[in-house]
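# Structural features, examined
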Amino acid sequence: MLHITSGYNGDMFEEAQLYAPVTTDENGVQVHLADNHPGVNDPEYRRRRNEIAAPVMTWQPGMPIPQVDYTDEENQIWARVCAELAPKHERLAVRAFLEGKEALGLPTDRVPQLDEVSAGLERLTGFRLHPAAGLVPLDVFYGSLADRVFHSTQYLRHSSQPLYTPEPDIIHEVVGHGNLLASPQVAEVKRLAGEAARRCETENGLQYVADVFWFTIEFGVMYEDGELRCYGAGLLSSYGEIEEFRGADVRPLDFHLMATLDYDISKYQPILFACDGMNELTERVGQFFAEFDDDTPARLAAAAA
């Protein structure tokens, strides 16, 4: 499950604003949708969300990943989004993503099972997916990347808005992150981010890693063959924002600014940071994560002063 955090002067972002909290009580597993969620007044959608979340609440690593018998409607949502995004990817995504997407070869006419995606990823980069019913703690989500584990949801967005979701669903997780994880270059940067998170002993350090991750792996862009293209999973899985990122205020990499910049997760990102080719991502961003420790924020702040 994608974790979106924010700088906001160093305060931890209230992640539950984005993710529907999941609880268990005498009525069973309950997914609590926000009041403005497209499916909040749809009892069948709410029942379906509870149904998909329930097996994951008792799942443990080493157990078979719960299988979801996706409905025709859910498969149609997946197929429509894949069809809409395919030409946008060809025009606007970096080569590493396109090559990873082709190598992984996910179905475009139906929702894949997580173990199906994992089998392909393990063959290509050693990554695998773990199911998430709802919010995964920040340290667990990022730290798991060090073990080549990515936590993914299994539900789909509401059918009334197939090209929009207020929360990360399996389309975001698999179309965005899954295809990226099929690229050995990007997968290695993600693994290094996980190791950086594992080394953090302070909340501030973990937040710093999360914010740099946001502006690179989630919303990163890159100059390639003279064009600005995207490699961030948030852009690659967004039907609307992928068409708009070239109009943003695009700046060179600046890790201290990434970690101290206030941003609104509910809107298109007005400021993006661009790598000058894949080498800058693998070498400079990769080195940042490889060398990061709890003292890094203070060192970068002093250098920026």
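Given the structure is predicted, the values throughout are model-derived calculations rather than measurements.

Burial along strand β4 (residues 149-152) is two-sided: the face carrying Val 149 and His 151 and the face carrying Phe 150 and Ser 152 are both buried. Sheet topology note: the strand β3 (residues 128-131)/β4 ladder contains four bridges and is parallel. Counterpart to Pro 131 in the pairing with β4 is Ser 152. A crossover links β3 with its parallel partner β4, the connecting element being helix α5 (residues 138-144), and its sense is right-handed.

Let us look at the pattern of salt bridges. All chains considered together, the criterion is met by 20 salt bridges. The partner of Glu 243 in a salt bridge is Arg 91, with the nearest N and O atoms 2.5 Å apart. Within this pair, whereas Glu 243 is found in the loop between α9 (233-236) and β7 (249-252), its partner Arg 91 is found in helix α2 (residues 72-92), the two being separated by 152 residues in sequence.

Moving on, we come to the packing of aromatic side chains. Note on aromatic pairs: each is described by the distance of the centres and the angle between the planes. Scanning the entire structure with this criterion turns up 10 aromatic pairs. Here the aromatic rings of Phe 141 and Tyr 142 are separated by 5.1 Å at their centres, their planes lie at 80°, and the arrangement is edge-to-face. You can call Tyr 142 buried: its relative accessible area is 0%. On the numbers, 4.6 Å between centres and 40° between planes, the contact of Trp 214 with Phe 219 is tilted. Taken together, Tyr 208, Phe 255, Phe 288, Phe 289 and Phe 292 form an aromatic cluster joined through their ring pairs. Positioned above the aromatic ring of Tyr 239 is the side chain of Lys 88, whose terminal nitrogen or guanidinium carbon lies 4.6 Å from the ring centre.

Within the element layout of this structure, Phe 97 appears in helix α3 (residues 95-104). Separated by 84 residues in the primary sequence, Phe 97 and Leu 181 place their C-alpha atoms 8.6 Å from one another. Apart from residues lying up to four places away in sequence, Phe 97 is in contact with His 89, Val 175, Gly 176, Asn 179, Leu 180 and Leu 236.

All right, on to the confidence of the model for the chain then. Here the chain averages 92 in pLDDT, while 94% of its residues score no lower than 70. Low pLDDT, under 50, characterises residues 1-17; the predicted model gives this stretch 69 contacts beyond four residues in sequence or across chains.

Before going further, it helps to spend a moment on unusual backbone geometry. Glycine aside, the phi torsion of most residues is negative, and most peptide linkages are trans. In this structure, Arg 148 takes a positive phi of about 60° despite not being glycine. Among the secondary structure elements, Arg 148 is positioned in the loop between α5 and β4.

We now examine the sheet that holds strand β5 (residues 221-224). If you walk across this open sheet you meet the four strands as β6-β5-β8-β7, and the pairing is mixed. Looking at strand neighbours, the two that pair on one side only are β6 (227-230) and β7, the edges of this open sheet. Going from strand to strand, the sheet's axes swing by 40° on average, the running direction of each strand aside. Of the strand pairs in this sheet, β7 and strand β8 (residues 271-275) are connected by four bridges, and their pairing is parallel. Among the inter-strand pairings, Asp 249 is bridged to a residue of β8, identified as Ile 271. The strands touched by helix α11 (residues 278-291) within the sheet are β5 and β8, with β8 carrying the most contacts at an inclination of about 95°.

Among the nonpolar cores identified, the biggest contains 87 residues, and Trp 78, Phe 245, Leu 281 and Phe 289 are the most heavily contacted of them. Sequence-distant contacts of Leu 281, defined by excluding residues within four places in its chain, comprise Val 186, Val 189, Met 222, Tyr 231, Cys 275 and Gly 286. Ranked by size, the runner-up nonpolar core spans 10 residues in total, among them Val 22, Tyr 45, Val 56 and Ala 133.

Conventions used here
All residue numbers refer to position in the chain's written sequence, counted from 1. Reporting of local features is limited, given that this is a predicted model, to residues whose pLDDT is at least 70; pairs of side-chain atoms are given and counted only at 80 or more, and all residues count toward the totals for whole chains, interfaces and linings. Hydrogens and waters are ignored; side-chain quantities use all the structure's heavy atoms. When accessible area is computed with a 1.4 Å probe and restricted to protein chains, residues below 20% of their type maximum are described as buried, those above 50% as exposed, and intermediate ones as partly exposed. Helix and strand assignments follow DSSP, with helices taken as H or I runs no shorter than four residues and strands as E runs no shorter than two, numbered in order from the N terminus. Here, any two strands with at least 2 DSSP bridges between them count as paired. Note on handedness: a clockwise path from strand one over the helix to strand two, with the strands aimed away from the viewer, defines a right-handed crossover. Any carboxyl oxygen of Asp or Glu within 4 Å of a side-chain nitrogen of Lys or Arg constitutes a salt bridge here. Only the six-membered ring of Trp is used, alongside the rings of Phe and Tyr, when aromatic pairs are assigned; centres must lie within 6.5 Å, and planes under 30 degrees apart are stacked while those over 60 apart are edge-to-face, with the rest tilted. Throughout this description, the term charge over a ring refers to an Arg CZ or Lys NZ atom that lies within 6 Å of the ring centre and within 35 degrees of the ring normal. The contact criterion used is simple: two residues touch if any of their non-hydrogen atoms lie within 4.5 Å. Think of pLDDT as the predictor's per-residue confidence, scored from 0 to 100. An axis is simply a line fitted to the C-alpha atoms; with a helix, the fit covers only the stretch in contact. Between two such axes, the angle follows the N-to-C directions and lies from 0 to 180 degrees. Side-chain atoms within 4.5 Å are what join buried Ala, Val, Leu, Ile, Met, Phe, Trp, Tyr and Cys residues into a set we call a nonpolar core.

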